[in-house]
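Remarks on the overall topology
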Amino acid sequence: MDRRTFSRCLSGISALAALALASPLAGCDGEAKKQAELAKADLSEAEGIVKAKHVAPLAAGLPKAADAIANAKDRAAAFVALRDKTDGLRSSKRSFYAFTDAKGAITWVEDPDWQVVERKLKGGFPAVAEVLDGAKPYAEGAGRFGDEGPEALWFVAAAPLKSTVDGAAKIDGALVAAWDAHEVAGDLQRQLATAAKMQIAAPKKRVKDSDRLQLALDTPQIWVAVYAPDGAVFLPWGAPQPLEDALKGAGLGGKDAAGWTGIVKVTNASWGVASKRVDALLPGYGLAVIRNK
């Protein structure tokens, strides 16, 4: 079982258990409207996290890292050491970092649980093609591997790797940071859920076992989704199917790009939703937060 399958199984079990707590009584429209406004605030926080922690630091750090390791005898070891002491690369959430050869085939992946070595990036990822062809010193974009369907989506950032031949620098590959869209949603969801729990739990107070159930009941259910320009929706791996169906039915791609709030029904319960385009993620792509209390 690969990493993605394993994480989907685990999160699916917990997700279904959590969704069962959302009874129709708990999801009346009045409460859902309040949750939609709270989701709007969560969405603003998520957008800030994407910009400040996950996108800007990578744009600044990835090209510098590619230049720094270009002439290293062991590029992989050099990159790992550099990443570990570079705040921007450490804080930028990504599924994996990888090297490609000049033709765009992956030659090394930082996390071996992602079995992607020898898979080709150049065809399905225009951003990788741009740096390999020398068109840009750094590029960001979205794409998917050639054998993946529309349920797959990857955000990638790439910088060229250059070797010196006869005194001239030649592009011989790319340093790529890849972020699976489902993991984008999952990473942001965990950060928002942690913040919500911290607001409820008393500061600097250890939660007793007897209080854990009450804390679970008091903590809102918060989910994050990524949506594409064509309206495709990507939730964390293992998200309950009724939740996914509800968000797909909401038509997020056609909502006000500057921001929309509303209510959707999930297993007969009303949930509050907020969505907006987040160009920091990529122009045309957006985020949605859905909440129930």
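This is a predicted model, so every value here is computed, not measured.

With respect to the pairing of strand 6 (residues 221-227)
Among the 7 residues in strand 6, 7 count as buried, and that is most of the element. The two faces of strand 6 match: Gln 221, Trp 223, Ala 225 and Tyr 227 on one face and Ile 222, Val 224 and Val 226 on the other face are all buried. Sheet topology note: the strand 6/strand 7 (residues 233-234) ladder contains 2 bridges and is antiparallel. Within the sheet, the bridge partner assigned to Val 226 lies in strand 7 and is Phe 234. Hairpin connection between strand 6 and strand 7: a loop of 5 residues separates the two successive antiparallel strands, and Gly 231 in this loop has a positive phi of roughly 95 degrees.

Observations regarding the nonpolar core
Among the nonpolar cores identified, the biggest contains 28 residues, and Phe 155, Val 226, Leu 281, Tyr 285 and Leu 287 are the most heavily contacted of them. Apart from residues lying up to four places away in sequence, Leu 281 is in contact with Val 50, Phe 155, Val 184, Val 226, Gly 286 and Leu 287. With 20 residues, the next largest nonpolar core counts Phe 96, Trp 154, Val 176 and Ala 178 among its residues.

Quick look at the packing of aromatic side chains
Scanning the entire structure with this criterion turns up 10 aromatic pairs. Judged by centre distance (5.8 Å) and plane angle (50 degrees), the ring pair of Phe 96 and Trp 114 falls under tilted. Residue Phe 96 is found in strand 1 (residues 96-101), and its partner Trp 114 is found in the loop between strand 2 (106-109) and helix 5 (126-132); the two are separated by 18 residues along the sequence. We classify Phe 96 as buried; its relative accessible area is 2%. For Trp 114, a relative accessible area of 1% translates into the label buried. The interplanar angle of 70 degrees and the centroid separation of 5.5 Å between the aromatic rings of Phe 125 and Phe 145 together place this pair among those described as edge-to-face.

A look at the sheet that holds strand 9 (residues 269-277)
Ordered by their spatial adjacency, 5 strands build an open sheet running 7-6-10-9-8, and the pairing between neighbours is antiparallel. Bordering the open sheet on either side are strand 7 and strand 8 (260-266), each of which pairs with just one other strand. In the packing of helix 2 (residues 29-69) onto the sheet, the strands contacted are strand 6, strand 8, strand 9 and strand 10 (286-292), and the crossing angle to strand 9 comes to about 30 degrees. Against the sheet, helix 8 (residues 241-249) touches strand 6, strand 7, strand 8, strand 9 and strand 10, its axis set at about 140 degrees to strand 8.

Description of the sheet that holds strand 2
Spatial strand order, 2-1-5-4-3: 5 strands in an open sheet with antiparallel pairing. Two strands lie at the open edges of the sheet, namely strand 2 and strand 3 (139-143), each paired on one side alone. Strand-to-strand twist of the sheet, defined as the mean angle between neighbouring strand axes without regard to direction, takes the value 30 degrees. Its contacts with the sheet put helix 2 on strand 1, strand 3, strand 4 (154-165) and strand 5 (168-180), and the angle it makes with strand 4 is roughly 20 degrees. On top of the sheet, helix 3 (residues 75-84) reaches strand 1, strand 2, strand 4 and strand 5; it is set at about 150 degrees to strand 1, its chief contact.

Some words on the pattern of salt bridges
A full pass over the atoms with the stated rule returns 13 salt bridges. With a closest N to O distance of 3.2 Å, Asp 172 and Arg 75 form a salt bridge. Residue Asp 172 is located in strand 5, and its partner Arg 75 is located in helix 3; the two are separated by 97 residues in the primary sequence. Put simply, Lys 136 and Glu 130 hold a salt bridge, and the shortest N to O gap is 3.6 Å. For Lys 136, a relative accessible area of 39% gives the class partly exposed. Residue classification places Glu 130 among the partly exposed residues on the basis of a relative accessible area of 26%.

Re the packing of helix 2 against helix 3
Here helix 2 crosses helix 3 at 140 degrees, and the two axes come no closer than 9 Å. Classified by the interaxial angle, the pair formed by helix 2 and helix 3 is oblique. The way helix 2 lies across helix 3 gives a crossing that is right-handed. Across from Ala 65, Ala 68 and Ile 69 in helix 2, the residues of helix 3 making contact are Arg 75, Ala 78, Phe 79 and Leu 82.

Structural notes on the side chain of Gln 35
Examined against the element boundaries, Gln 35 turns out to sit in helix 2. Residue class for Gln 35 comes out buried when judged on its relative accessible area of 4%. Engagement of the side chain of Gln 35 in a polar contact is seen with the side chain of Glu 31, the distance being 2.7 Å. The residues touching Gln 35, leaving out its near neighbours within four places in the chain, are Pro 220, Gly 272, Arg 291, Asn 292 and Lys 293.

Notes on unusual backbone geometry
Notably, Glu 118 is not glycine yet its phi reads approximately 80 degrees, a positive angle. With respect to the helices and strands, Glu 118 occurs in the loop between strand 2 and helix 5.

A closer look at the side chain of Glu 47
Take Glu 47: it is sitting in helix 2. Classification of Glu 47 by relative accessible area gives buried; the value is 12%. Each residue touching Glu 47, except ones within four places of it in the same chain, is listed here: Lys 276, Arg 277 and Val 278.

Conventions and cut-offs
Residues numbered from 1 in each chain as written. Predicted model: local features only at pLDDT ≥ 70, side-chain atom pairs only at ≥ 80, totals over all residues. Heavy atoms only, no water. Buried < 20%, exposed > 50% of the residue type's maximum accessible area, 1.4 Å probe, protein only. Helix = DSSP H or I, 4+ residues; strand = E, 2+ residues; numbered from the N terminus. Pairing = 2+ DSSP bridges. Core = buried A, V, L, I, M, F, W, Y, C linked by side-chain atoms within 4.5 Å. Contact = heavy atoms within 4.5 Å. Phe/Tyr/Trp six-rings, centres within 6.5 Å; stacked < 30°, edge-to-face > 60°. Axes fitted to C-alpha atoms, helices over the stretch in contact; angles between N-to-C directions. Salt bridge = Lys/Arg side-chain N within 4 Å of Asp/Glu carboxyl O. Parallel < 35°, antiparallel > 145°, perpendicular 65-115°, else oblique. Left-handed = near helix turned anticlockwise from the far one by under 90°. Polar contact = N/O pair within 3.5 Å; in protein donor to acceptor, adjacent residues only side chain to side chain.

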